[in-house]
Amino acid sequence: MDINFIIQELERKHPGEVEYHQAVKEVLLSIADTYNQYPELIKAKIVERLIEPDRAIIFKVVWIDDKGDPQVNMGYRVQFNNAIGPYKGGIRFHATVNLSIMKFLGFEQTLKNALTSLPMGGAKGGSDFSPKGKSDAEIMRFCQAFILELWKHLGPDTDVPAGDIGVGAKEVGYMYGMYKKLTNRCTGTFTGKGLTFGGSLLRAEATGYGALYFVEEMLKRRGETIKDKTVAVSGFGNVAWGAVKKATELGAKVVTISGPDGCILDPEGISGDKIDYMLELRASGNDVVAPYAKKFASATFFPDKKPWDIKVDIAIPCATQNELNLEDAKKLIACNVTCVAEVSNMGCTTEAIDAFLENNINFAPGKAVNAGGVATSGLEMTQNAQHLAWTAQEVDLKLHQIMKNIHQLCEKYGANSDGTVNYVKGANIAGFIKVANAILGQGII
Ligand code: 2IT
């Protein structure tokens, strides 16, 4: 495989889509050696077929704000690949959303969903609509207008969306409500739904819990446990909340969270009602963490700062793509961090990942670490199809097993000769092999 040529062609066809190029390049670099051992994959042009989405649906969303004025936003759904199962992936509402970000997320989702071992293809959707500062009524009208266009492309066996940044249970509820009204069918065609209308117990916690289960496996390989370790978390949304909750439950001390406004340092640890308060912060809709330091005297707020220059054992980025760059990586390395588990999708820049790997820091990529979220979405689909609801314990057990399996896949495909694991390689190759074989087995379509 001539990676340079494939990337050049991708850039020529899709100029300026930098996040999409970044995600594809990272994967191709790590799978190249394996791919070149399979002439049948090369002959069938599996890489060329995998890196292009099946389709991208782009539409206009017009809605009415509280003043009675029309507003216009963009809507997207990138149905990336359905070789393994129905398109599946979250919807993001954030001012930065564009086609490149949707495509990188859809591509990552395809490989991630393959890692879960559940029958789900990959997709991503969203809008440049920013929920920040919007009233509840505005958010509802936007969600309804968004689905009024998108509903015809969805379905329980076609495409099942969920939440992502800016889309939580409330927004999923508004979107699913409109979807159900238009189709007149209770098909459960959304995951992360409210518990009274088909949602799964533990879906809210699943991404963060799954990430910590994965971290436990990483540490276990080194003969360590997470108990008494110090942890830096970025972000303060649903995913960060679940991660802080599980890390604390397992005996670690989480000393940071962060938002677009800056970073909170709480040396006493974020536990108990401080964790519950994260939900309040998020529900306020202001997208800031500063109020935490006003409420809890043990904490300090540092405006415009990231949590990566604090001495911790483990760093867990839970905010957004490229949030952790080379400069941040160098600071963490200087602080003797030993483990970096990326929970945000593509949370670390390529240069940051290279720095971690060169310095023998245990680094694991988002598509492995955060797969517990979509895996539990898969479990929600199963429960909906069975017309049953499992207990939290049942879901947790399955989630835990899935994360252990993903870790094993990383060990299998990412083993270094010195006995350590290259998790980037392991996750990319394991996901790719599964999708590649699924594409190959279904002919040229
Ligand atoms: O990035 C992700 O995996 C998600 N936003 C969750 C997707 C899902 O379908 O649950």
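Residues numbered from 1 in each chain as written. Predicted model: local features only at pLDDT ≥ 70, side-chain atom pairs only at ≥ 80, totals over all residues. Heavy atoms only, no water.

J.: I'd like to hear about the pairing of strand β4 (residues 122–127), residue by residue, with values.
T.: For a regular strand, side-chain orientation follows a simple rule: the groups alternate between the two sheet faces. With six of six residues buried, β4 lies mostly within the body of the structure. Side-chain alternation along β4 places Gly 122, Lys 124 and Gly 126 on one buried face and Ala 123, Gly 125 and Ser 127 on a second face that is also buried. Of the pairings in the sheet, the one linking strand β2 (residues 70–81) to β4 comprises six bridges and is antiparallel in character. Of the residues in β4, the one forming a bridge with Gly 75 is Ser 127. (Buried < 20%, exposed > 50% of the residue type's maximum accessible area, 1.4 Å probe, protein only. Helix = DSSP H or I, 4+ residues; strand = E, 2+ residues; numbered from the N terminus. Pairing = 2+ DSSP bridges.)

J.: Tell me about the state of the cysteines, residues and numbers included.
T.: In a disulfide, the sulfur atoms of two cysteines are held together by a covalent bond. In total, this model carries zero disulfides according to the counting rule given. Take Cys 143: it sits in no disulfide, and the sulfur closest to it among the cysteines is that of Cys 186, at 19 Å. Looking at Cys 143, the relative accessible area reads 0%, which means it is buried. (Disulfide = S-S within 2.5 Å.)

J.: Hey, could you go over the site of the ligand for me, with residue numbers and the actual values?
T.: The local shell around the ligand holds 13 residues, among which Lys 88, Lys 112, Asp 164, Arg 203 and Ser 377 are the closest. In the model, an oxygen atom of the ligand is placed 3.1 Å from a nitrogen or oxygen of the Gln 109 side chain. Note that an oxygen atom of the ligand is positioned 3.0 Å from one of the side-chain N or O atoms of Asn 345. For the ligand, the accessible surface in isolation is 290 Å², of which the surrounding protein chains cover 94%. Elements represented by at least two residues in the shell around the ligand include exactly β3 (87–93), α5 (99–115) and α15 (371–386). Tallying contributions element by element places β3 first for the shell around the ligand, with three residues. The residue inventory of the shell around the ligand, partitioned by class, reads two nonpolar, six polar and five charged. (Near = heavy atom within 4 Å. Polar contact = N/O pair within 3.5 Å; in protein donor to acceptor, adjacent residues only side chain to side chain. Areas by Shrake-Rupley, 256 points an atom, 1.4 Å probe, with all protein chains shown as cover. Nonpolar A, V, L, I, M, F, W, Y, C, P; charged D, E, K, R; others polar.)

J.: How would you summarise the packing of aromatic side chains if you had to cite specific residues and measurements?
T.: Applying the stated criterion to the full structure yields 17 aromatic pairs. Look at Tyr 176 and Phe 190: their rings are 6.5 Å apart centre to centre, the planes differ by 65°, and that puts the pair in the edge-to-face class. Taken together, the residues span a long stretch of sequence, with Tyr 176 in helix α7 (residues 169–183) and Phe 190 in the loop between α7 and α8 (203–221) at a distance of 14 residues. Note on accessibility: Tyr 176 and Phe 190 belong to one class, buried. A centroid spacing of 4.9 Å and a plane angle of 55° characterise the contact between Tyr 292 and Phe 296, whose relative ring orientation is tilted. A network of ring pairs unites the aromatic residues Phe 59, Trp 63, Phe 93, Phe 129, Phe 142 and Phe 146 as a single cluster. Taking the ring centre of Phe 129 as reference, the NZ or CZ of Lys 134 above it sits at 5.2 Å. Cation over ring: Arg 282 sits above Phe 236, and NZ or CZ is 4.1 Å from the ring centre. (Phe/Tyr/Trp six-rings, centres within 6.5 Å; stacked < 30°, edge-to-face > 60°. Lys NZ or Arg CZ within 6 Å of the ring centre and 35° of its normal.)

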